[in-house]
Amino acid sequence: MAEMSAWRVNDVVAYDRLREAVTSRTALLLGSALPHDVARAEVIQLRRDVLAVDGFDRADVDEFARRIDDRIRDLTVERS
């Protein structure tokens with residue numbers, strides 16, 4: 001018999017949305033007016049941070065997604 005996943009369906013959706021937000025933030029950083037080395041360092045740290053998120057901890061996923069969304073808003077305002 002197959003082992004059941006600890007994820008609920010809505011947890012998978014939340015984690016998938018988190019990954020999409022990471023992709024959006026990465027694109028904004030690489031297209032931003034930030035110096036290349038600053039943007040690159042932030043992308044590298046973002047990738048490390050996303051790997052450190054416990055996908056089974058919904059509160060951790062939601063908190064990290066909130067921080068990413070905040071940074072996306074900042075980058076979007078800087079861009080306009």
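Above this text sits the structure in question.
Residues numbered from 1 in each chain as written. Predicted model: local features only at pLDDT ≥ 70, side-chain atom pairs only at ≥ 80, totals over all residues. Heavy atoms only, no water.

Draft legend 1. Looking closely at the side chain of R71. By secondary structure assignment, the location of R71 is in helix α3 (residues 58-79). Contacts of R71, omitting those with residues within four sequence positions, involve R25, L29, L34, E42 and E78. (Helix = DSSP H or I, 4+ residues; strand = E, 2+ residues; numbered from the N terminus. Contact = heavy atoms within 4.5 Å.)

Draft legend 2. Molecular detail of the packing of helix α2 (residues 36-52) against α3. Between α2 and α3, the shortest axis-to-axis distance is 12 Å and the interhelical angle comes to 160 degrees. Judged by the angle between their axes, α2 and α3 are roughly antiparallel. Once α2 is placed against α3, the crossing between them reads as left-handed. Contacts between α2 and α3 involve E42, L46, D49 and V50 on the former and, on the latter, F64, I68 and R71. (Axes fitted to C-alpha atoms, helices over the stretch in contact; angles between N-to-C directions. Parallel < 35°, antiparallel > 145°, perpendicular 65-115°, else oblique. Left-handed = near helix turned anticlockwise from the far one by under 90°.)

Draft legend 3. Here's a closer look at the pattern of salt bridges. Under the criterion given, the structure shown has 9 salt bridges. Ionic pairing is found between R17 and D69, a salt bridge with its closest N-O pair at 3.1 Å. Of the two residues, R17 is situated in helix α1 (residues 9-30) and D69 in helix α3; the sequence distance between them amounts to 52 residues. The shortest N-O distance in the salt bridge between R73 and D70 comes to 2.3 Å. Of the two residues, R73 and D70 are both situated in helix α3; the distance of 3 residues between them amounts to about one turn of the helix. Overlapping salt bridges, with partners in common, bring together R25, E42, R71 and E78 in one network. (Salt bridge = Lys/Arg side-chain N within 4 Å of Asp/Glu carboxyl O.)

Draft legend 4. Looking closely at the nonpolar core. In terms of nonpolar packing, the biggest core is built from 17 residues, with L18, V22, V61, F64 and I68 touching the most fellow members. Residue assignment for this core shows that the elements contributing at least two residues are α1, α2 and α3. Apart from residues lying up to four places away in sequence, L18 is in contact with V50, V53, V61, F64, A65 and I68. (Core = buried A, V, L, I, M, F, W, Y, C linked by side-chain atoms within 4.5 Å. Buried < 20%, exposed > 50% of the residue type's maximum accessible area, 1.4 Å probe, protein only.)

Draft legend 5. Layout of the environment of I44. With respect to the helices and strands, the residue I44 is situated in helix α2. Counting along the chain gives 11 residues from I44 to A33, while the straight-line C-alpha distance between them is 17 Å.

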